[in-house]
Amino acid sequence: MKKFSGRRTRVLAATTATAGLALVAVTASGCTSSGSGGSGSKTAAGGVELVKAGQLTTCTHLPYPPFQSEIDGKVQGFDVSLIDLVAKNLGVKQQILDTPFENFKTGAFLNSGECDLAAAGMTITAERKKNVDFSDPYFDATQALLVDKNSGITSLADAKAKKVKLGAQAQTTGEDYAKKQGFDPVSFETSDAVLNGLRTGQVKAVIIDYPVVQGWLKNKANADAFKPAGNINTGEQYGFTVKKGNTRLRDAINKAIKDAKADGTYKKLYEKWIGPYTASAASPSASAS
């Protein structure tokens, strides 16, 4: 399994999808002072305490389209657009920090005060709840098996019977699911690396979140070469995370999600980034445990 400890974090700009305007990344020198003697305040609307004045700092792990990825030099996606709504309500701008995915399980970057929240297409699990507080579920996710069109693989059971070398993204529930099904998956650091592993023949099939597969297959070259060989409903749901006990920020996130579903914004963003919208997408069931 690849480790992420050597990967450098990166501060990136985000875009406001709802308004079509780019948010400029706020640098330390560009912020008002966050020290006790400065004029800037770390307290946003609703009494939400931020790690840096004037900005909502979001930890993510790139790339993970359609939830977050760099497009034309800006970080964009479904998660980014939803958190832009939270930032707008707080009267600040969102700034994104690209960090190792393993830190989302432990809440390390939240606990160290580097980020206010994490948005990374992350599944709500009982194990992760021990270290972080999750928002309400904002997306129902399923896993998909993607194979080469000429592989002859028809299902996950078929892949197992043929002892196919399977790939998955490290530290994800897709990788966990593959292991539970008796595979010894090849671990790749990013979703892009997963696809490249399939493209170069390092693996014969991959298991990853279905929306990611949908995004890949929008590319004609990928659609000509690969096909889904099964959609696996694992009951997964995504949530945003905050430091344990940060109820004000969690409540602000939940309010933004609820309002977006009520006023049609969620539907518009869903159709832009994910695909055809269904009513069930707006009313996810209880959190997975």
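Preceding block: the structure.
Computed from a prediction, not measured in an experiment: that's the story for all the values here.

Caption draft 1: Fine view of the packing of helix α1 (residues 78-90) against helix α11 (residues 265-273). Where α1 meets α11, the axes come as close as 9 Å, and the angle between the chain directions of the two elements is 155°. The orientation of α1 relative to α11 falls into the category roughly antiparallel. In this structure, the crossing between α1 and α11 has a hand that is right-handed. Seen from α1, the contacting residues are F78, S81, L82 and L85; seen from α11, they are T265, Y266, L269, Y270 and W273. Of the residues belonging to the contact of α1 with α11, the class tally is seven nonpolar, two polar and no charged.

Caption draft 2: Main features of the sheet that holds strand β12 (residues 186-188). With mixed pairing, five strands are arranged side by side in an open sheet as β12-β11-β13-β10-β14. Only two strands of the sheet have a single partner each, and these edge strands are β12 and β14 (226-238). Between one strand axis and the next, the sheet turns through 25° on average, direction left out of account. Taken together, the two bridges between strand β11 (residues 166-169) and strand β13 (residues 205-209) define a ladder with parallel strand orientation. Pairing of G167 across the sheet is with V206, part of β13. Relative to β13, helix α7 (residues 191-199) is tilted by about 160°, and along the sheet it contacts β10 (139-148), β11, β12, β13 and β14.

Caption draft 3: Focus on the environment of K261. For K261, the position within the fold is in helix α10 (residues 247-263). Classification of K261 as partly exposed rests on a relative accessible area of 22%. Residues K261 and Y138 lie 123 residues apart in sequence; the distance between their C-alpha atoms is 9.6 Å.

Caption draft 4: Highlighting the pairing of β13. Burial within β13 is extensive, with five of its five residues counted as buried. Sheet topology note: the β10/β13 ladder contains five bridges and is antiparallel. What sits directly across from Q143, in β13, is D209.

Caption draft 5: Main features of the side chain of T123. Looking at the element boundaries, T123 is found in the loop between β8 (117-118) and α4 (126-129). Reaching out from T123, the side chain makes a polar contact with the side chain of E236 at a distance of 2.8 Å. In this structure T123 touches R128, F134, T173, E236, Q237 and Y238, once residues within four positions along its chain are discounted.

Caption draft 6: Here's a closer look at helix α6 (residues 173-180). For α6, every residue scored as buried is listed here: T173, G174, E175 and A178. Close packing links the buried residues of α6 with α4, β10, β11, β12, β13 and β14. Remark: G182 follows α6 within two positions and exhibits a positive phi of approximately 95°.

Caption draft 7: Structural view of the environment of G91. For G91, the position within the fold is in the loop between α1 and β7 (93-98). The sequence separation of G91 and A45 amounts to 46 residues, and the corresponding C-alpha distance is 6.5 Å.

Caption draft 8: The environment of L195, seen in detail. By secondary structure assignment, the location of L195 is in helix α7. For L195, a relative accessible area of 6% corresponds to the buried category. Along the backbone, L195 and W216 are 21 residues apart, and their C-alpha atoms lie at a distance of 8.4 Å. Ignoring sequence-local partners within four residues, the contact set of L195 consists of W216, N222 and F226.

Caption draft 9: Looking closely at the nonpolar core. L56, F78, L90, F139 and W216 are the most contacted members of the largest nonpolar core, which has 46 residues in total. Among the secondary structure elements, those contributing two or more residues to this core are α1, β10, α7, β13, α8 (210-216), β14, α10 and α11. Ranked by residue count, the leading element in this core is α1, at seven residues. When neighbours within four sequence positions are excluded, F139 is seen to be in contact with F67, F78, P211, E236, Q237, Y238, Y266, Y270 and I274.

Caption draft 10: Spotlight on the state of the cysteines. The full count for this structure, using the stated rule, is one disulfide. There is a disulfide in this structure between C59 and C115, and the S-S distance comes to 2.0 Å. When the S-S torsion is 65°, as for the bridge of C59 with C115, the disulfide is right-handed. Taken together, the positions of C59 in strand β4 (residues 55-60) and C115 in the loop between α3 (108-111) and β8 put the pair 56 residues apart, joining distant regions of the chain. Each member of the pair, C59 as well as C115, is classed as buried.

What counts as what
- Residues numbered from 1 in each chain as written.
- Predicted model: local features only at pLDDT ≥ 70, side-chain atom pairs only at ≥ 80, totals over all residues.
- Heavy atoms only, no water.
- Axes fitted to C-alpha atoms, helices over the stretch in contact; angles between N-to-C directions.
- Helix = DSSP H or I, 4+ residues; strand = E, 2+ residues; numbered from the N terminus.
- Parallel < 35°, antiparallel > 145°, perpendicular 65-115°, else oblique.
- Left-handed = near helix turned anticlockwise from the far one by under 90°.
- Contact = heavy atoms within 4.5 Å.
- Nonpolar A, V, L, I, M, F, W, Y, C, P; charged D, E, K, R; others polar.
- Pairing = 2+ DSSP bridges.
- Buried < 20%, exposed > 50% of the residue type's maximum accessible area, 1.4 Å probe, protein only.
- Polar contact = N/O pair within 3.5 Å; in protein donor to acceptor, adjacent residues only side chain to side chain.
- Core = buried A, V, L, I, M, F, W, Y, C linked by side-chain atoms within 4.5 Å.
- Disulfide = S-S within 2.5 Å.

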